[in-house]
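# Structural overview
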Amino acid sequence: MNGALHPQIADALARLPDYLGGHVAVSVTALALGLAVSLPLAIAAMRRAGLRRALLGVASIVQTIPGLALLALFYPLLLGIAALSERWTGVSFSALGFLPAVLALALYSMLPVLRNTVAGLSGIDPAVKEAALGVGMTRRQALFMVELPLAMPVIMAGIRTSAVWVIGTATLSTPIGQTSLGNYIFAGLQTQNWVFVLFGCVAAAVFALAVDQLLALIEIGVARRKRVRTAAGALGLALLALAAWLPGAAQPRAAYVVGAKSFGEQYILAALIEDRLRAAGLSAARREGLGSTVIFKALAAGEIDVYVEYSGTTWATQMRRSASAPRVEVLREVSAWLSATHGIGTLGGLGFENAYALAMKRERAEALGIRSIADLASHAGNLSVGGDFEFFVRPEWTAIRNGYGLNFREQRQMQAEFMYPAAAGGDVDVIAAYTSDGRIVQFDLLVLDDPRHTIPPYDAILLVAPQRRGDRALLEALKPLIGRIDVETMRQANLRAGGGGADASPAAAARWLWGEIGKLNPQR
């Protein structure tokens, strides 16, 4: 390679300042907020048994909530508060990304600090406390000059545990729009870029170890009354935060934010949109890996400017329509509903459909005589079905299951990228595939017909935020994409992004896709 870095490694290194900076910012802020709240509460609770039990109970309950769920819950809550604030005071704030992540992680950080502070102060010999009071100290003086220094090793152990928890959990903040080292992991899993996955895991582990060692230095300095060590640890933490914050602070804010959901095709299309905006002289950035509900609400709130949605998702999930309808009718009603209820603009379809579809290994389907979902119904009791993390709670699944009376032996949820090899390898019998995914052909899967039309059409459509509907620069930059991508071309782009080669990435697939658009439409 003549000393040149592998393209995926070079790409990962290029993203490190942005991803690490976001991770440090949210982790340090959350930990500082958690300490500022939990330490005073723990000290106050020492003389109030009822308060102590309540605090530890609530903190323990919070800790049982999965980190991703806790992070996701804060977004709609803050979105509602932001809307009320703007209505009542005229002041609004962003509910996407940093703020919900900080608040959720701060809550997550509190249990070890509360528990260790209470344990450390409770473990001090009562005779020591009495002696401090006996020499004329006030209770406050005894607390700060005797009790807290003696309890500090136990308290610091709790802070160190809290710091590691927060740094690890912060990788899950990507789906709510916070840039973090989790961006490597989510993008890598979706595009099978294992360099990204490994890079994200190692970077998060190194960051956690560095913070833990600096906190250990502070702990030793406090325990041995070595001010130089305490100062060195504190200075190291400050420099670490500053070094990660400066690159992000130096970057100008992008004029347009492109959103992407958490699967490979969305990463490609977001990269394509960003490229088209930049080619038109507009500054743009991407927020990737967002959940379906989060990205829709973010667009409606103007926190992102544009993203690719699928007509069937809006039809079933947002509009709550259970019955399917012809493609033209769905597109017309979806566009009208988005405009009337949220002020969202629809620029038009990209030219391909990415629908949910049940698929099986061709050999297995032929052996059972299955060509449609109706044929599948009589065999479902002996078969297993796999879907992505959303599918089995979506109205589309309810419509398919009720429409054909499906009752599978087993339901399995898995990362979308793993479904296709799982079906090909026999780990599951049926999967909820995506019709524009090239791996249907790659793994020789048979897409089952839907004779009762229970699955709505899923045309890929470009949506723009309410405040961007009249933005001529944006609309002109994206106009060449409308109706220009057929399903076969999109399948090839999806295969390229997750193909595992040296140049397999959403950005490279987006460049290839733009070249193919030009070939298909030479007049452009």
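For the structure itself, consult the block above.
Here is a short report on the structure shown in this document. Sequence order as written defines residue numbering, which begins from 1 separately in each chain. Per-residue local features of the predicted model are confined to residues with pLDDT of at least 70, and side-chain atom pairs are confined, for both listing and counting, to 80 or more; whole-chain, interface and lining totals are unaffected and use all residues. With hydrogens and water set aside, each side-chain value is computed from the structure's full complement of heavy atoms.

## Here we look at the nonpolar core
Leu277, Leu358, Leu376, Leu406 and Leu513 are the most contacted members of the largest nonpolar core, which has 71 residues in total. Among the elements that take part in this core, helix α10 (residues 264-279) stands out by supplying 7 residues, more than any other. Between two residues, a contact is recorded if the distance between any of their heavy atoms is within 4.5 Å. For leucine 406, the contacting residues outside a window of four places in its chain are Leu358, Ile373, Leu376, Ala377, Ala380, Trp397, Ile400 and Arg401. To define a nonpolar core, start from buried Ala, Val, Leu, Ile, Met, Phe, Trp, Tyr and Cys residues and group those joined through side-chain atoms within 4.5 Å. Under the scheme applied here, a residue whose accessible area is under 20% of the maximum for its type counts as buried, over 50% as exposed, and between as partly exposed, the area being computed with a 1.4 Å probe on protein chains only. Strands are runs of DSSP state E lasting at least 2 residues, helices are runs of H or I lasting at least 4, and numbering of each runs from the N terminus.

## So, the packing of aromatic side chains
Each pair of aromatic rings taken from Phe, Tyr and Trp, with Trp reduced to its six-membered ring, is defined by centres within 6.5 Å and is described as stacked if the planes are under 30 degrees apart, edge-to-face if over 60, and tilted in the remaining cases. Evaluated as defined, the whole model comprises 14 aromatic pairs. Relative to phenylalanine 199, the ring of tyrosine 184 lies with its centre 5.2 Å away and its plane at 55°, an arrangement referred to as tilted. Highlighted residues: tyrosine 184 in helix α7 (residues 182-191) and phenylalanine 199 in helix α8 (residues 194-223), separated in sequence by 15 residues. Ring plane angle 35° and centroid distance 5.7 Å describe the contact between phenylalanine 263 and tyrosine 434, whose orientation is recorded as tilted. With phenylalanine 263 in the loop between β1 (256-261) and α10 and tyrosine 434 in strand β8 (residues 430-434), this pair connects stretches of sequence that are 171 residues apart. Just as phenylalanine 263 is buried, tyrosine 434 falls in that class too. Pairwise contacts between aromatic rings join Phe263, Tyr310, Tyr356, Phe391, Phe392, Trp397, Phe408, Tyr434 and Tyr458 into one cluster. Charge-over-ring contacts are defined here by two conditions on Lys NZ or Arg CZ: a distance within 6 Å of the ring centre and an angle within 35 degrees of the ring normal. Against the face of tryptophan 514 rests arginine 276, its NZ or CZ located 3.8 Å from the ring centre.

## Quick word on helix α1 (residues 7-45)
Take the residue count of a helix, subtract one, and multiply by 1.5 Å to get its expected span. Look at α1: 55 Å from first C-alpha to last across 39 residues, which is about the 57 Å you get at 1.5 Å a residue. Axes are fitted to the seven residues ending at a residue and to the seven starting at it; the angle between these axes is taken as the bend at that residue. Roughly 45° is the biggest bend found in α1, and it falls at leucine 16, with proline proline 17 one to four residues downstream.

## A short note on the pattern of salt bridges
Whenever Lys or Arg places a side-chain nitrogen within 4 Å of a carboxyl oxygen from Asp or Glu, that contact is recorded as a salt bridge. Enumeration over the complete set of coordinates arrives at 20 salt bridges. In this structure, the salt-bridge partner of aspartate 459 is arginine 327, at a minimum N-O distance of 2.1 Å. Taken together, the residues aspartate 459 in strand β10 (residues 459-464) and arginine 327 in helix α13 (residues 327-342) connect sequence positions 132 residues apart. Judged by relative accessible area, aspartate 459 falls into the buried class, the value being 6%. Relative accessible area serves as the criterion here: at 40%, arginine 327 is assigned to the partly exposed category.

It is worth stressing that arrangement in space is one thing and function is another; only the former is reported here.
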